[in-house]
Amino acid sequence: MAAAEELTLLEKLLGLRRGNKYSAQGDRQIPVLQTNNGPSLTGLATIAAHLVKQANKEHLLGSTAEEKAVVQQWLEYRVTRIDGHSSKEDIRTMLKDLNSYLEDKVYLTGNNFTLADILLYYGLHRFIVDLTFQEKEKYLNVSRWFSHIQHYPGIRQHLSNVVFIKNRLYTNTH
Amino acid sequence: MQLFVSDGAPGNLPVLAAAGRAGARGKLLISTVGPEERVVPFLTRPKLPVLKLDSDRYLFSTSAICRYFFLLSGWEQDDLTNQWLEWETTELQPALSVALYNLVVQGKKGEDVLSPVRRALIHIDHSLSRRSCPFLVGDSESLADIVLWGALYPLLQDPTYLPDELAALQTWFRTLSVQEPCQQAVESVLKKQGILAFRSYLQKQPQPSVPLERPVSNEPEEDELPAHTLSEEEIVIAVTIWEQGLEALPTLRPRQNPVLPVAGERNVLITSALPYVNNVPHLGNIIGCVLSADVFARYSRLRQWNTLYLCGTDEYGTATETKAMEEGLTPQQICDKYHTIHASIYRWFNISFDFFGRTTTPLQTKITQDIFQRLLSRGFLLKDTVEQLRCERCARFLADRFVEGICPFCGYEEARGDQCDKCGKLINAIELKKPQCKICRESPVVKSSQHLFLDLPKLEKRLEEWLGRTLASSDWTPNARFITRSWLRDGLKPRCITRDLKWGTPVPLEGFQDKVFYVWFDATIGYLSITANYTDQWERWWKNPDQVELYQFMAKDNVPFHSVVFPCSALGAEDNYTLVSHLIATEYLNYEDGKFSKSRGVGVFGDMAQNTGIPSDIWRFYLLYVRPEGQDSSFSWTDLMLKNNSELLNNLGNFINRAGMFVCKFFGGCVPKMTLTPDDQRLLAHITLELHQYHQLLEKVRIRDALRCILTISRHGNQYIQVNEPWKRIKGNEADRLRAGTVTGVAVNMAALLSIMLQPYMPTVSTTIQTQLQLPPAACAVLPTNFPCFLPAGHQIGIVSPLFQKLENDQIESLKKRFGGGQLEDSLELKAKVSKAEAPTEIANPEQIKLLTDAVTKQGNIVRELKAQKADKAQVTAEVAKLLELKQQLALAEGKPLEASKGKKKK
């Protein structure tokens, strides 16, 4: 999914009127937002945070200092690790790490739904779609989180619904 | 809250500066941990610094930690700050880590350091000057300034890397550097050591690569057309060289025999680690030593460097004695037998040794004893007493593996002298209860024995001086540097250089007549004696450090002997020895995600590769494609098939074959007239760039990476043919036909270039292409730095035929089963405990092996089917017994005793 397309999904989710124009920069097609008042903004995480503020939904950026820093950390993870050129090995490591992180969490910050969940959902969608049932079961916590987020109202839009099986199929994999 | 840092981690700077700036320093509990410590429990790869919050949450991103300190002080961040922080992690960091690695770890200077970051530095400078603000986000400093300053400080503290033309950046950097929080951070991180403070940390980090993190598995990043934009000048140069044709080639230097160094020339001496004689090498051994060195030797000759490539078998030592006893032969017979096996394996793999020798020669004795005498007379040897078991009946001291007894830990009755097979604990042979000599079953007694030690501590200073001079400007691989440094860091200890054995180089000293040198002392001297067996003027190579560049190839476990032990012997001997200039060590190659195992019969061994029906060039290609360069990699049958079918067949083979076929089919085998359009000229310039890249990589012995350049060029070639469709144009009007001619001509010339670039990797295929294209002999033996027109209009080419064959799934599946990695009936085999095979007499001929192999496969299928049908148990057992019998015969025919006992490790 191109970054501009993802930002349009985000606008819709946030209930913003369409009207922002995006272009893409360089080989990695980094999104650029042309704002009416002031200079342009570059970078997916930067623009996403800007849109959240525009929609007056600052709580999505975290409410305490701690939560704010954690949200930004995962946004950084999204643009460096998930969007970096990933080999199969990298993807496995990433899913393994996330799986272990999410073991005791409902959302990425813990108990509150934030922009980090939204952008990680969009960023991971292309990988999760390709997982086998066995792998989904292996990354059980990621699957639980992903399945939860994709049912969050308004987030999935035209993206395909990823099917997870509730019963465990592979008892020996752990 | 607790901040975890590791000494010399660059991330410490911004974090400490931000803590200071935001007044959070006092709330921090700082703990120092090792660079590889995994502080964050959920992250696989260690990341430092890390902030552990009181809520037990972790912040592992440097900018998130800095941001948190600022947020605690109530400073929120605006869009512009966010934008700088995002740019810092996605653009600046990847570039900066390359620059720092080059500077700090590789000791490079100037352009090698500056060029990866130049674009990023200019970006900051322009932003500052365009907005004419002193700081990144306005009139006062912000989080963005601290984070970027901290990231840049390690590099920019050296004014060389802060050029005057970036005036705005310079001012900004200096303003921040004098602020108190920044100064304090610098003091506590750099500890007055300057850039060196970062060295030991960065050495332990994986080598970063441009532009972004490079994937680490066998799957390389597929580079599209290079992002590099061609300048007009580059295009003009490419076209000029092209037009010069074969005149542009350097003159060939005739190959001498013997090859000797020539003053004023680049004299390259290449060695690959001497394989130990008592084992058949597996694919991991082959890629680690001989094959890697061979690629470099062939490349070196293609560059017309005066090249000598040597190797040989390492034959002395206990392991040979043991093997000899097992097989009922004398040590000399064992060495003769296995030396021949090794030589024939390497011949099959097309390894281009100038000489393949062995260590059991009179010259080995002469040179080793000479070095020994020199060390002795200069006071670099010590005498000491060691307690050892001695069998009086055999009249010899017993090496660990010649003793058996009761394990002092678990009471197991057949524990070996070095380890107990049952409880796995390491044993000191003299601790065994009721020890027995494995040969005569007599009880040995504890006796003390005098030994000689090399006084490494006394030589340490000389070694460090030499390393300091050598490492700065050389191409040692990072693992070799790291292993050597860690040996030095732990301090050197005296090492015993003698052994109570018979099979070795005798020690020429009163009181030591019944002892020999320990293999690690004289094995590395093998390189010298092997050269001496090649030419009596061997000293012109080995006592000529000013004129000779020595490249040594090995797997990483061999590094200390080449970087510490042998250099110490040579430095102590004070005879102007040539020491290693470039030490090239590989990581390990695994087999299907496990280890190669001789005793379990898992993996492909040199002699078996020949019986797979897959040509040696395909093996070479795949092993080099997955060469464990920088980190471990895996051999996988499925991947081998995939790479053969995609890269070789569909990419490389397809392009070269089409180019040749068009010449034959459309132009009667004569290269047509070429009229270059601007598009063609750009293509030439692109290929030239790729060729330069190939040269740069191979000069640094980045063998695996350079192979990608070949595949990229042929990818360009396929695209070029696809876009220009010469097969359609040839049927068109005059202009179309001319165009078809040009495209065909350029393509067949690309094929010619590829044939030469391929020579180090796939020598047989390279020759085949050159014969098909009738490339003039002068062009075959030298690889120019640029791309000339090799085959001018009118050149007649030969008969063109396909180069590669498809590997089929069935074929690969059956090979996979044959070499382990599948489940097969291994477990059964282990349970059955096949008795150890008797000494095999001779290696059977290949036909016989093939017959037996087929029989084993067939019988294996019968057993599988029976099991699948849940057949009668007695019937299954009978068939399994047959299978085991056949396997045993096969193993015997292949010259390997079957070892069936479980858990027995060792090579």
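Owing to the predicted nature of the structure, the values given are computational and were not obtained by experimental measurement.

**Student:** I'd like a description of the overall build of chain B, backed by residues and values.
**Tutor:** Along chain B, the regular secondary structure elements total 32 helices and 20 strands. A buried classification covers 58% of the 907 residues belonging to chain B. Residue pairs in contact within chain B that sit at least 24 positions apart in sequence constitute 76% of those at least 6 positions apart. Roughly 38600 Å² of accessible area belongs to chain B as shown, and the carbon and sulfur atoms make up 51% of that amount.

**Student:** Break down the overall build of chain A for me, citing the residues and quoting the values.
**Tutor:** Broken down by element type, chain A carries seven helices and three strands. Sequence-ordered secondary structure for chain A, helices as α and strands as β, is α-β-β-β-α-α-α-α-α-α. Counting the 174 residues in chain A, one finds 54% classified as buried. Counting contacts in chain A only where the partners sit at least 6 residues apart, residues at least 24 apart contribute 65% of the total.

**Student:** Give a description of a nonpolar patch on the surface that names residues and reports values.
**Tutor:** Residues and elements named next belong to chain A. Judged by side-chain polarity, F133, V163, I165 and L169 come together as a nonpolar surface patch covering roughly 340 Å² of accessible area. Take F133: it is sitting in helix α6 (residues 133–138). You can call F133 partly exposed: its relative accessible area is 36%.

**Student:** Mind laying out the packing of aromatic side chains, listing which residues take part and the relevant values?
**Tutor:** Describing an aromatic ring pair means giving the distance of the ring centres and the angle of the ring planes. This model, assessed by the stated rule, comprises 45 aromatic pairs over all chains. Aromatic pair Y121(A) and Y122(A): ring centres 5.4 Å apart, planes at 50 degrees, arrangement tilted. Here the two residues Y121(A) and Y122(A) agree in accessibility, since each one is buried. Look at W637(B) and F819(B): their rings are 5.7 Å apart centre to centre, the planes differ by 20 degrees, and that puts the pair in the stacked class. Placement of the pair is W637(B) in helix α22 (residues 637–667) and F819(B) in the loop between α29 (809–818) and α30 (826–832), with a sequence separation of 182 residues. The exposure class of W637(B) is buried, given its relative accessible area of 0%. Relative accessible area serves as the criterion here: at 3%, F819(B) is assigned to the buried category.

**Student:** Quick rundown of helix α5 (residues 143–156) of chain B? Include the residues and the values.
**Tutor:** Residue and element names in this part refer to chain B. With 14 residues, α5 ought to run about 20 Å at 1.5 Å a step, and its terminal C-alpha atoms sit 19 Å apart, in line with that. Approximately 30 degrees is the largest bend angle found in α5, and it occurs at G150, with the proline P154 only one to four residues beyond. In terms of burial, α5 is a largely internal element, 14 of the 14 residues being buried.

**Student:** Give a description of the sheet that holds strand β3 (residues 41–42) of chain A that names residues and reports values.
**Tutor:** All names here are of chain A. If you trace the three strands from one edge of the open sheet to the other, you get β1-β2-β3, paired in antiparallel fashion. Where the open sheet ends on each side, the last strands, each with one partner, are β1 (21–25) and β3. Looking at chain direction, strand β2 (residues 30–34) and β3 are connected through two bridges and run antiparallel. For V32, the partnering residue across the bridge sits in β3 and is T42. Packed onto the sheet, helix α1 (residues 3–14) meets β1 and β2 and runs at close to 150 degrees relative to β1.

**Student:** Residues and numbers for the nonpolar core, please.
**Tutor:** All names here are of chain B. If you look at the biggest cluster of nonpolar residues, it comprises 183 residues, and the most contacted ones within it are F635, W637, Y694, Y761 and F790. When residues of this core are assigned to their parent elements, the largest contribution, 12 residues, is made by helix α10 (residues 283–302). Each of two domains, domain 2 (253–369 + 519–610) and domain 3 (650–796), supplies a minimum of three residues to this core. Ignoring sequence-local partners within four residues, the contact set of Y694 consists of Y299, A706, C709, I710, M757, P760, Y761 and L783.

**Student:** I'd like a rundown of the pattern of salt bridges, residues and numbers included.
**Tutor:** Residue and element names in this part refer to chain B. By the definition in use, this model includes 46 salt bridges over all chains. The partner of K728 in a salt bridge is E725, with the nearest N and O atoms 3.3 Å apart. Counted as one network, the salt bridges with shared partners bring together D370, R374, E539, K543 and D575.

**Student:** With reference to specific residues and values, describe the pairing of β2(A).
**Tutor:** Residues and elements named next belong to chain A. Within β2, four of the five residues are buried, leaving the element largely enclosed by the surrounding structure. Relative to β2, β1 runs antiparallel, the two sharing five bridges. Residue pairing in the sheet places Q25 in a bridge with I30 of β2.

**Student:** Any chance you could break down the interface of chain B and chain A for me, citing the residues and the numbers?
**Tutor:** Across the boundary between the two partners, chain B contributes 36 residues, which contact 40 residues of chain A. The junction of chain B with chain A conceals about 3200 Å² of combined surface from both sides, 52% of it contributed by carbon and sulfur atoms. On the chain B side of the interface with chain A, the three residues burying the most area are F42(B), R57(B) and E86(B), jointly 19% of the side's total. A salt bridge links D79(B) to K53(A); the shortest N-O distance between them is 3.4 Å. Counting across the chain B and chain A interface gives 20 residue pairs in polar contact (both at pLDDT 80 or more). Of all the elements in the fold, those that place two or more residues in the side of chain B that touches chain A are β4 (58–59), α2 (62–72) and α3 (79–105) of chain B.

**Student:** Lay out the packing of helix α4 (residues 88–101) of chain A against helix α5 (residues 115–129) of chain A with the relevant residues and their values.
**Tutor:** All names here are of chain A. Where α4 contacts α5, the two axes come as close as 12 Å, and the packing angle between them is 125 degrees. Taken together, the axis directions place α4 and α5 in an arrangement best described as oblique. Here the hand of the crossing between α4 and α5 comes out left-handed. Between α4 and α5, the residues in contact are I91, M94, L95 and L98 and L120, L124, F127 and I128, respectively. Residues belonging to the contact of α4 with α5 are distributed by class as follows: eight nonpolar, no polar and no charged.

**Student:** Which residues make up the side chain of E6(A), and what values do they have?
**Tutor:** Residues and elements named next belong to chain A. Structurally, E6 is set in helix α1. A residue is classified by how much of its surface remains accessible, and E6, at 2% relative accessible area, is buried. Contacts of E6, omitting those with residues within four sequence positions, involve M1, L44, R78, L119 and Y122.

So, how was this worked out
- Residues numbered from 1 in each chain as written.
- Chains lettered and ligands numbered in written order.
- Predicted model: local features only at pLDDT ≥ 70, side-chain atom pairs only at ≥ 80, totals over all residues.
- Heavy atoms only, no water.
- Helix = DSSP H or I, 4+ residues; strand = E, 2+ residues; numbered from the N terminus.
- Buried < 20%, exposed > 50% of the residue type's maximum accessible area, 1.4 Å probe, protein only.
- Contact = heavy atoms within 4.5 Å.
- Areas by Shrake-Rupley, 256 points an atom, 1.4 Å probe, with all protein chains shown as cover.
- Patch = residues over 30% accessible without salt bridge, like charges linked within 9 Å, V, L, I, M, F, W, Y side chains within 5 Å.
- Salt bridge = Lys/Arg side-chain N within 4 Å of Asp/Glu carboxyl O.
- Phe/Tyr/Trp six-rings, centres within 6.5 Å; stacked < 30°, edge-to-face > 60°.
- Expected span 1.5 Å × (residues − 1).
- Bend = angle between axes of the 7 residues up to and from the residue.
- Pairing = 2+ DSSP bridges.
- Axes fitted to C-alpha atoms, helices over the stretch in contact; angles between N-to-C directions.
- Core = buried A, V, L, I, M, F, W, Y, C linked by side-chain atoms within 4.5 Å.
- Domains from an automatic or database assignment.
- Buried area = accessible area lost by both parts, 1.4 Å probe.
- Polar contact = N/O pair within 3.5 Å; in protein donor to acceptor, adjacent residues only side chain to side chain.
- Parallel < 35°, antiparallel > 145°, perpendicular 65-115°, else oblique.
- Left-handed = near helix turned anticlockwise from the far one by under 90°.
- Nonpolar A, V, L, I, M, F, W, Y, C, P; charged D, E, K, R; others polar.

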